[in-house]
Amino acid sequence: MRLRLALTAVLSAATLTAALQAPAAGHAAAAGRAGAAAPFNHPGVLVSRAQLDFVGANLGNEPWKSAWSALRAHSFASLSYTPKPRAVVECGPSSNPNHGCSDERNDAMAAYAHALQWYLTKDDRHAKKAVQIMDAWSAVISSHTGHNAPLQTGWSGASFSRAAELIKHTYGGWSNAGRFATALREVYLPTVVNGSANTNGNWELIMTDAAIGIAVFLDDRASFDKAVQLWRNRLPAYVYLKTDGAYPKSRPGSKYDTRDEIIGYWHGQTTFVDGLAQETCRDFGHTGWGIAAAAHVAETARHQGLDLYAEGKDRLRHAMGFHAGLQLGEPVPSWLCGGSVTPGLGPTFEVGYNALHKRMGIGMSRTQRLVEQGRPAGVSHFLGWETLTHAENPH
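Residues numbered from 1 in each chain as written. Predicted model: local features only at pLDDT ≥ 70, side-chain atom pairs only at ≥ 80, totals over all residues. Heavy atoms only, no water.

J.: Describe empty space enclosed by the protein, listing the residues and the values that go with them.
T.: Scanning the entire structure with this criterion turns up one cavity of 30 Å³ or more. Taken together, Ala237, Lys249, Ser250, Arg251, Ser254, Tyr256, Ile262, Tyr265 and Trp266 make up the lining of the largest cavity. Its residues assigned to classes, the lining of the largest cavity comprises five nonpolar, two polar and two charged. (1 Å grid on protein atoms, 1.4 Å probe; cavity = no way out; pocket = protein on both sides within 12 Å on 5 of 7 lines; lining within 4 Å. Points joined across faces, edges and corners; volume = space filled by probe spheres on them. Nonpolar A, V, L, I, M, F, W, Y, C, P; charged D, E, K, R; others polar.)

J.: Which residues make up the state of the cysteines, and what are the values?
T.: Scanning all chains against the criterion turns up two disulfides. The residue that forms a disulfide with Cys281 is Cys337, at a sulfur-sulfur distance of 2.0 Å. Handedness here is read from the sign of the S-S torsion; for Cys281 and Cys337, about -80°, the answer is left-handed. On the criterion of sequence distance, the pair formed by Cys281 in the loop between helix 11 (259-265) and helix 12 (284-303) and Cys337 in the loop between helix 13 (308-327) and helix 14 (350-359) is long-range, its members being 56 residues apart. Of the residues examined, Cys337 reaches a relative accessible area of 16% and is grouped as buried. Taken in sequence order, the bonded cysteines of the protein chain link in the pattern 1-2, 3-4. (Disulfide = S-S within 2.5 Å. Helix = DSSP H or I, 4+ residues; strand = E, 2+ residues; numbered from the N terminus. Buried < 20%, exposed > 50% of the residue type's maximum accessible area, 1.4 Å probe, protein only.)

J.: Tell me about the sheet that holds strand 5 (residues 143-145), and please be specific about residues and values.
T.: The mixed open sheet is built from three strands, whose spatial order is 4-3-5. Lying at the two open borders of the sheet, with one neighbouring strand each, are strand 4 (98-99) and strand 5. Direction of pairing for strand 3 (residues 88-91) relative to strand 4: antiparallel, over a ladder of two bridges. Bridged to Cys91 within strand 4 is Asn98. Contacts from helix 7 (residues 149-170) reach strand 3 and strand 5 within the one sheet, and its direction differs from that of strand 5 by about 135°. (Pairing = 2+ DSSP bridges. Contact = heavy atoms within 4.5 Å. Axes fitted to C-alpha atoms, helices over the stretch in contact; angles between N-to-C directions.)

J.: Before we move on, could you go through the packing of helix 7 against helix 8 (residues 177-192) and cite the residues and values that matter?
T.: Here helix 7 crosses helix 8 at 145°, and the two axes come no closer than 9 Å. Judged by the twist between their axes, the crossing of helix 7 over helix 8 is left-handed. Residues Ala149, Pro150, Thr153, Gly154, Ser156, Gly157, Phe160 and Ala164 of helix 7 form the contact with helix 8, whose own contacting residues are Phe180, Val187, Tyr188, Thr191 and Val192. Among the residues forming the contact of helix 7 with helix 8, the class breakdown is eight nonpolar, five polar and no charged. (Left-handed = near helix turned anticlockwise from the far one by under 90°.)

J.: Outline the environment of Val131, supporting the account with residue identities and numerical values.
T.: Tracing the backbone through its elements, the reader meets Val131 in helix 6 (residues 124-138). Since its relative accessible area comes to 10%, Val131 is described here as buried. Between the C-alpha atoms of Val131 and Leu46, which are 85 residues apart in sequence, the distance is 19 Å.

J.: Explain the side chain of Lys129 to me, and be specific about the residues and the numbers.
T.: Position of Lys129 relative to the elements: it lies in helix 6. Of the side chains bearing the opposite charge, Asp107 lies closest to the buried Lys129, which forms no salt bridge; the N-O distance is 9.8 Å. At 3.1 Å, the side chain of Lys129 forms a polar contact with the backbone oxygen of Leu79. If near-sequence neighbours (up to four positions away) are discounted, Lys129 is found in contact with Leu79, Ser80, Tyr81 and His114. (Lys, Arg positive; Asp, Glu negative; His and termini not counted. Salt bridge = Lys/Arg side-chain N within 4 Å of Asp/Glu carboxyl O. Polar contact = N/O pair within 3.5 Å; in protein donor to acceptor, adjacent residues only side chain to side chain.)

J.: I'd like a rundown of helix 5 (residues 101-121), residues and numbers included.
T.: Across its 21 residues, helix 5 extends 30 Å between first and last C-alpha, which sits within 8% of the 30 Å expected from 1.5 Å per residue. The buried count for helix 5 comes to 17 of 21 residues, which makes it a mostly enclosed element. Positive backbone phi, at 60°, marks Lys122, one or two positions downstream of helix 5. (Expected span 1.5 Å × (residues − 1).)

J.: Tell me about the pattern of salt bridges, residues and numbers included.
T.: As a working rule, side chains carrying opposite charge can pair if their charged atoms are close by. If you walk through the whole model with that rule in mind, you get 14 salt bridges. Salt-bridge contacts for Arg317 lead to Asp314; the nearest nitrogen and oxygen are separated by 3.1 Å. One end of the pair is Arg317 and the other is Asp314, both in helix 13 and three residues apart, which spans about a single turn. The class of Arg317 is partly exposed, set by a relative accessible area of 30%. Judged by its relative accessible area of 32%, Asp314 falls in the partly exposed class. Residue Glu330 is joined to Arg366 by a salt bridge in which the shortest nitrogen-to-oxygen separation is 3.4 Å. Here Glu330 is found in the loop between helix 13 and helix 14, whereas its partner Arg366 is found in helix 15 (residues 365-373), with 36 residues between them in sequence. Taking the relative accessible area as the measure of exposure, Glu330 reaches 31% and is therefore partly exposed. Arg366 gets classed as partly exposed once you look at its relative accessible area, which sits at 32%. Counted as one network, the salt bridges with shared partners bring together Glu204, Arg234 and Arg251.

Set out below in structure tokens:
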């Protein structure tokens, strides 16, 4: 009897240990699915093949006609464009000193301009020009230094990843694609993929835009997942909703986590309403960048089968509407930023507006007026030709 009891106890302990160590059936199935994660959809960094095919079919109609003309007339789109690569890009505050900062941003955007022209015209001279620009940089780039290095890496990495994605997956003549992938993996991705918890939020959102684009280009699922988590951490700490409570959320891992610290981080603002952003009282230029970058991340994720818009739609729609109204000339309330704001949103809302209004059917009258007045959207740092690629685009 004692022997049977002892054996029963041993078997029970073994069974319990196995149960604790083994995943539940549901988790095991999920782990199996994760282990065999679906491949990335290519091209799928900010723009998809279906989106660009829609654009190509509408180049004779507005607003795409004017947007296409603006792209074609830009100096970045010229076949005589000459890249200016360097090994070390040094960028101080506000890009001062500017040792290659503007050159790198311009070259990355020019590569994207030529990638778009290649796809929409099938003139392989534009594909070769995009390749020439990217090859020039991958041959020499080794690091980004200075105060603005993370932001600079984000700006340039976002545009380079879009260009590289289009060329790699729609053009067959890029022999140095592997070398460019190595540059993105070793020089750009490590700088952006871990985020920037304590800077103004536009930094981290722009870095996340670059990180998710590079991850898709590299077929790097782990980095893609890290970028998604950065977005999920930052957007609720960048755009306020009344459901957050009396004051904004703190980004996990941020040193700004008390009420007074958060108010200081939000540039002294003490009254909070739906759509107010962490940098609203700084200026609308940086705020617009942050909102645009957040939409870019959601757009790329959507092309990969992950609907971040469903998670962020309320913050994005209120942020765009709140700032669009003030940009359009609505009176600034006395409680907002001491009664004075600094407008200047720039070409920032086309992607987010299309996603929420055109595809999801959300009414956004103020944002619509601002977006339509600003068409065709121009070029700024990591923003380029988004009326062409995303206006009224159902895909």
